[in-house]
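Each chain is listed here by its residues.
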Amino acid sequence: QRKFRGEKPALRKLISFFTAVSLRFVRAKRIALGVTLEKPKKLVLLRRLKAGVHAACLLPLHLLAHALAWRKIRAGVGGRIKILCSGGSSLPLAVEDFFEMTGLPLIVGYGLTETSPVVAARCYERNIRGAIGSPLACEVRLCDPEDGCLVEGGGDRGVLQVKGPQVMLGYYKDPEATRQAIDSDGWFDTGDIGRWWHGRRPRSSPGMHLSRKSQRRAQEEEIVGKSDYI
């Protein structure tokens, strides 16, 4: 942005135009491919077809933008990067949009120090924006914060709990804190509030479609996936 601000007004307008076109292209492409956080009933076939036509119409201008502007950004980070990984904090969707339109797709992971630290991550083939991926070698579940009952679906939110080999054994010399965080069956309470993606819990693969909203963060994220492992 600092570099573009130093350019001539005409060039800045051209960059703004390319940015608007490329953003519309990548967003339409996501809808056409079904890699969006919207519920399936909102992604009817007709809407996906319309988005595909829209993306196809914008493709020539997007390719022109890539040739004239975005490839310079790729060159600035080495020119051969295929994918980037992000973790440690919620990633604004605007940042993901920018990297995607410049040809630098991001995948995002979710975890905590207590989970060594990864619980879930996206895969390149199903890189849904705003998502943090499928559980990695662990089980996840949602429990009602009031009564502790499992949340099976219906869009209800619950506390995200994790069980697996990456979960810590306990807090050092603090058995009381350990008892509060990990129950007798080995489930670790992350303290994050989530809901099952698409409003239901899949029967064939427990815990694979989940969205979460951290009690400590303002931005909502989604956990989505096709299986228990990527």
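- As recorded in an unreviewed UniProt entry, the protein goes by the name AMP-dependent synthetase/ligase domain-containing protein, listed as coming from Rhizochromulina marina.

**Examining the overall build of the protein**
Piece 1. Of the regular secondary structure elements, the protein holds five helices and nine strands.
Piece 2. Going residue by residue from the N terminus, the α and β elements of the protein occur as α-α-α-β-α-β-β-β-β-β-α-β-β-β.
Piece 3. Residue burial in the protein is summarised as follows: out of 230 residues, 42% are buried.
Piece 4. Long-range contacts, defined as pairs at least 24 residues apart, comprise 54% of the intrachain contacts of the protein with a sequence gap of at least 6.
Piece 5. Surface accessibility of the protein: about 13100 Å² in total, with carbon and sulfur atoms responsible for 57%.

**Here's the deal with the nonpolar core**
Piece 1. In this structure, Tyr 110, Val 119, Val 140, Val 162, Ile 182 and Phe 188 are the most contacted members of the largest nonpolar core, which totals 20 residues.
Piece 2. Elements with a minimum of two residues in this core: β2 (106-111), β3 (118-121), β5 (139-143) and β6 (157-163).
Piece 3. It is β2 that contributes the most residues to this core, three residues altogether.
Piece 4. For Val 162, the residues in contact, after removing those within four places along its chain, are Val 119, Cys 138, Glu 139, Val 140, Val 167, Gly 186, Trp 187, Phe 188 and Thr 190.

**Observations concerning the sheet that holds strand β4 (residues 134-135)**
Piece 1. Strand order in this open sheet of four strands is β1-β2-β3-β4, and the pairing throughout is mixed. Of all the strands in the sheet, the pair left with one neighbour each is β1 (84-86) and β4.
Piece 2. Alignment of β1 against β2, held across three bridges, turns out to be parallel. Considered in β2, the bridge of Cys 85 is made with Ile 107.

**Looking at helix α4 (residues 93-101)**
Piece 1. Of the residues making up α4, those classed as buried are Glu 96, Asp 97, Glu 100 and Met 101. Seen end-on, α4 carries its buried residues on one side only, within an arc spanning 125°.
Piece 2. For α4, the secondary structure elements touched by its buried residues are α2 (9-33), α3 (45-76) and β2.
Piece 3. One or two steps after α4, the chain reaches Gly 103, where phi turns positive at roughly 85°.

Rules behind the numbers
- Residues numbered from 1 in each chain as written.
- Predicted model: local features only at pLDDT ≥ 70, side-chain atom pairs only at ≥ 80, totals over all residues.
- Heavy atoms only, no water.
- Helix = DSSP H or I, 4+ residues; strand = E, 2+ residues; numbered from the N terminus.
- Buried < 20%, exposed > 50% of the residue type's maximum accessible area, 1.4 Å probe, protein only.
- Contact = heavy atoms within 4.5 Å.
- Areas by Shrake-Rupley, 256 points an atom, 1.4 Å probe, with all protein chains shown as cover.
- Core = buried A, V, L, I, M, F, W, Y, C linked by side-chain atoms within 4.5 Å.
- Pairing = 2+ DSSP bridges.
- Arc of directions from axis to C-beta.

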